[in-house]
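Letter by letter, the chains look like this.
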Amino acid sequence: MVKAKNLYLSKIQLKAELERCLNCPSKPCMSACPVNCSPQEFIAQAKSGYFEQAVETISRNNPMGQTCGLICPDKFCMKACTRSHIDFAVNIPKVKATILENYRQQKNDNFLVSSNGRKIAIIGAGPAGMAAAAELGRQGYKIDIYEASNQIGGALNMIPDARLPYNVIEKDWSFIFNREFITLHLTTKIDNPANLFNQGFDGVIVATGEPNVVGLNIPGEDCSLSYMDYLRQPEKYAAAGKVAVIGGGTVSADCALTAVENGASHVEMFVRRRLSDMRISQQEHLELLKNEINISALSSPEKIEKKEDGLSLSIRRNHMLNGELRPLPGAVIELTGFDLVITAIGSRADAKINDNRIIYAGDCKHGGSTIVEALASGRDAARLLDDRLSLAAE
């Protein structure tokens, strides 16, 4: 298990990364960030020793800056970093997480927004729900958050502790602005968002993610385990032998790495498309290689069976023809001796309700996304709902 202290930069590493920033006036890193966080600004402040101002700059647009800093992919601010044209990008997410871990302090704001007399219900306490609550709190709304599970975080809770310790999520939550306006209801499932209007709410934001796992639709699928079940209780499904993971995204990588951590002797990922099509970051790819996880690309599952020596997995080989993925005729092989087969090919949201007072945000609106995209969606949903309620009141 990776300790939390290893997730952050040391003081020497932080200083080195701060010095590498070119302080670009055009701020390409900010333009690339879905929540418009300004790395150029908070790095300049930190470089001058003004860490409290750097914390305020980060938190201004990102209510989950520390969580983001630990798991945000390299395709946003780092990809846009001008420094990458010289040697390699400034590790902006790590810089952000380290600043918040070391220099963020709890304080009582002298100025609190007064109540505007309206009540909003938010369903789901994941990144989109928390971002919506943070934005609405700034606008003076009283907010009730309803979360079906027994803890905040949503899909973040399926990320292994080695990448994201749960106390980081709690820490970001504790710093959300105007917490006095927010009431959190855990283990409270809302089946019909429209029913909340009978409780006096003026609007509802639904940020429930994608709770329904996408199936393989192959014979023997019931012998496999969904990524949701596995990542929520990995210790329950620890396997010392061979583990197969079906899927080629970040969640699949988390499953594979967790299986290694849980003692699996051999872990293999089966990806329907090419290696270059995998939806993972460069760092995640390196982690898979470092842990000797085999990746079988252009492979689709055909059948799972229980046998005397464990589970067998029949795989069909694919190939690319004129840019299209096609099966290779007769190219089906049977692999045996698996202790566990984990499916991680996606999920889907619940059906939506068409009501002008109900706004959807996060993965249940856009499909699977990164944490920073979910945060931006939650913030935008809050602003849209505020606009609609303000117009209705005129």
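Residues numbered from 1 in each chain as written. Predicted model: local features only at pLDDT ≥ 70, side-chain atom pairs only at ≥ 80, totals over all residues. Heavy atoms only, no water.

Chemist: Go over the overall build of the protein with me, naming the residues and quoting the values.
Modeler: When helices and strands are counted, the protein shows 14 helices and 14 strands. Here the protein has a C-alpha radius of gyration of 23 Å; the compact-globule value for 394 residues is 21 Å, and the two agree. Nonlocal contacts in the protein, meaning residues at least 24 apart in sequence, comprise 71% of its contacts between residues at least 6 apart. If you sum the accessible surface of the protein, you get close to 19000 Å²; carbon and sulfur atoms cover 48% of it. Looking at charge distribution, the protein has the averaged site of its 44 positive side-chain charges lying 4 Å from that of its 45 negative ones. (Helix = DSSP H or I, 4+ residues; strand = E, 2+ residues; numbered from the N terminus. Rg over C-alpha atoms; globule rule 2.2 N^0.38 Å. Contact = heavy atoms within 4.5 Å. Areas by Shrake-Rupley, 256 points an atom, 1.4 Å probe, with all protein chains shown as cover. Lys, Arg positive; Asp, Glu negative; His and termini not counted. Charge placed at Lys NZ, Arg CZ, Asp CG, Glu CD.)

Chemist: Which residues make up the pairing of strand β12 (residues 324-343), and what values go with them?
Modeler: Note: strand β6 (residues 225-226) against β12, two bridges, orientation parallel. Its bridge partner lying in β12, S226 is registered against T343. For strand β7 (residues 242-246) and β12, the ladder comprises five bridges, and the chain directions are parallel. Residue pairing for β12: A244 is matched across the bridge by V341. Relative to β12, strand β11 (residues 310-321) runs antiparallel, the two being bridged by nine bridges. Bridging across to β12, S314 finds its partner in E334. With antiparallel pairing between neighbouring strands as the criterion, β11 and β12 make up a hairpin whose turn holds two residues, including N322 at a positive phi of roughly 55°. (Pairing = 2+ DSSP bridges.)

Chemist: Any chance you could break down the confidence of the model for the protein for me, citing the residues and the numbers?
Modeler: When pLDDT is averaged across the protein, the result is 94; 97% of the residues are at 70 or more. Counting interchain partners and residues more than four positions distant, the pLDDT-below-50 stretch residues 1-5 has six contacts. (pLDDT = per-residue confidence, 0-100.)

Chemist: Outline helix α4 (residues 51-61), supporting the account with residue identities and numerical values.
Modeler: Taken together, the buried positions of α4 are F51, A54, V55, T57 and I58. Taken end-on, α4 shows its buried residues confined to a sector of 160°, consistent with a single buried face. (Buried < 20%, exposed > 50% of the residue type's maximum accessible area, 1.4 Å probe, protein only. Arc of directions from axis to C-beta.)

Chemist: Now, about the sheet that holds strand β2 (residues 142-146): what can you tell me, with residues and values included?
Modeler: The five strands are arranged β3-β2-β1-β4-β14 in an open sheet whose pairing can be described as parallel. The open sheet has two edge strands, β3 (182-185) and β14 (358-360), and neither has a second partner. On average, each strand axis in the sheet is inclined to that of its neighbour by 20°, with strand direction left out of account. For strand β1 (residues 119-123) and β2, the ladder comprises five bridges, and the chain directions are parallel. Along β2, the bridge assignment pairs A121 with D144. (Axes fitted to C-alpha atoms, helices over the stretch in contact; angles between N-to-C directions.)

Chemist: Which residues make up empty space enclosed by the protein, and what values go with them?
Modeler: According to the stated counting rule, one finds two cavities of 30 Å³ or more in the structure shown. Space inside the largest cavity adds up to approximately 120 Å³. Around the largest cavity, the lining comprises 16 residues; the ones closest to its centre are C21, L22, C24, C29 and C81. Elements with a contribution of two residues or more to the lining of the largest cavity: α2 (28-32) and α3 (39-47). A per-element tally of the lining of the largest cavity places α3 first, with three residues. In terms of residue class, the lining of the largest cavity is made up of 10 nonpolar, three polar and three charged. (1 Å grid on protein atoms, 1.4 Å probe; cavity = no way out; pocket = protein on both sides within 12 Å on 5 of 7 lines; lining within 4 Å. Points joined across faces, edges and corners; volume = space filled by probe spheres on them. Nonpolar A, V, L, I, M, F, W, Y, C, P; charged D, E, K, R; others polar.)

Chemist: Break down the environment of P25 for me, with residues and values.
Modeler: Within the element layout of this structure, P25 appears in the loop between α1 (11-20) and α2. Judged by its relative accessible area of 78%, P25 falls in the exposed class. Taking C-alpha positions, P25 is 52 Å from S224, a pair spaced 199 residues apart along the chain.

Chemist: Tell me about the side chain of R83, residues and numbers included.
Modeler: For R83, the position within the fold is in the loop between α6 (77-80) and α7 (92-103). Residue classification places R83 among the buried residues on the basis of a relative accessible area of 18%. Filtering out sequence-adjacent residues up to four positions away, R83 remains in contact with R20, L22, F88, A89 and V90.

Chemist: Provide a residue-level description of unusual backbone geometry, including the pertinent values.
Modeler: Not every positive phi belongs to a glycine, and K27 is a case in point at roughly 50°. Within the secondary structure, K27 is located in the loop between α1 and α2. Here the phi dihedral of N217 falls at roughly 55°; this positive angle occurs in a residue that is not glycine. The residue N217 is located in the loop between β5 (212-213) and β6 in this model.

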